[in-house]
Amino acid sequence: MKKLQKKQAGLRRRHTRVRGKVSGTAARPRLCITRSNSNMYAQVIDDVAGKTLCGVSTLGPEFKATDKKGATVEGAAALGEIIGKKAIAAGITEVVFDRGGNLYHGRIKAVAEGAREAGLKF
């Protein structure tokens, strides 16, 4: 159990460090990515107002229509495209990327590239 606790503490430490440098405003909100072993969640957040502007997860109906799984890179890319389209529909064209303490690799990178393909700027 100690190994798992060390991993979780490292993730919390990295997330705190990233959040100290990344903040969302009304003009440029924060695209926050959270992942588990089986699902992913993405939210566009205005930190100044303290509001979530739009969000999507691999458990939602928008993602279920894509026939992809949330634990794969392809599923993460589809999630990125969905959140990008929702953000653009809400009038958001530019965001800051919050990787949530995870490495910018694999599924996290796929979400960012999917959102970029949908038209969001980082």
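Above this text is the structure in question.
Below or above, wherever it landed, is the structure these notes cover. All figures in this text were calculated on a predicted structure; none of them were measured in a lab.

**Quick word on the nonpolar core**
Ranked by internal contacts, the top residues of the largest apolar core, which has 23 residues, are Leu31, Ile33, Met40, Ala42, Val44, Leu79 and Ile83. When contributions to this core are tallied by element, the ones reaching two or more residues are β1 (30-35), β2 (40-46), β3 (51-57), α3 (73-89) and α4 (107-118). Among the elements that line this core, the one with the most residues is α3, at 6 residues. Ignoring anything within four residues of it in the chain, the contact list for Val44 reads Pro29, Arg30, Leu31, Lys51, Thr52, Leu53, Cys54, Ile83, Ala87, Ile92 and Val95.

**A look at the packing of aromatic side chains**
Counted under the stated rule, the structure contains 2 aromatic pairs. Aromatic side chains Phe97 and Tyr104 sit 5.9 Å apart centroid to centroid with 90° between the ring planes, which places their arrangement in the edge-to-face category. Residue Tyr104 is classed as partly exposed on the basis of its relative accessible area, which comes to 38%. Relative to Phe122, the ring of Phe97 lies with its centre 5.5 Å away and its plane at 85°, an arrangement referred to as edge-to-face. Taken as a pair, Phe97 in strand β4 (residues 96-98) and Phe122 in the segment after α4 lie far apart in primary sequence, 25 residues in all. For Phe122, a relative accessible area of 28% translates into the label partly exposed. An aromatic cluster is defined as three or more aromatic residues linked by ring pairs; in this entry it consists of Phe97, Tyr104 and Phe122.

**Notes on the pattern of salt bridges**
Applying the stated rule across the entire model yields 5 salt bridges. One salt bridge in this structure joins Asp47 and Arg19, with 3.7 Å as the shortest N-O distance. Placement of Asp47 in the loop between β2 and β3 and of Arg19 in helix α1 (residues 2-21) is noted, with a sequence separation of 28 residues between them. In this structure, the salt-bridge partner of Arg30 is Asp98, at a minimum N-O distance of 2.8 Å. Of this pair, Arg30 sits in strand β1 while Asp98 sits in strand β4, and the two are 68 residues apart along the sequence.

Conventions we followed
Residues numbered from 1 in each chain as written. Predicted model: local features only at pLDDT ≥ 70, side-chain atom pairs only at ≥ 80, totals over all residues. Heavy atoms only, no water. Core = buried A, V, L, I, M, F, W, Y, C linked by side-chain atoms within 4.5 Å. Buried < 20%, exposed > 50% of the residue type's maximum accessible area, 1.4 Å probe, protein only. Helix = DSSP H or I, 4+ residues; strand = E, 2+ residues; numbered from the N terminus. Contact = heavy atoms within 4.5 Å. Phe/Tyr/Trp six-rings, centres within 6.5 Å; stacked < 30°, edge-to-face > 60°. Salt bridge = Lys/Arg side-chain N within 4 Å of Asp/Glu carboxyl O.

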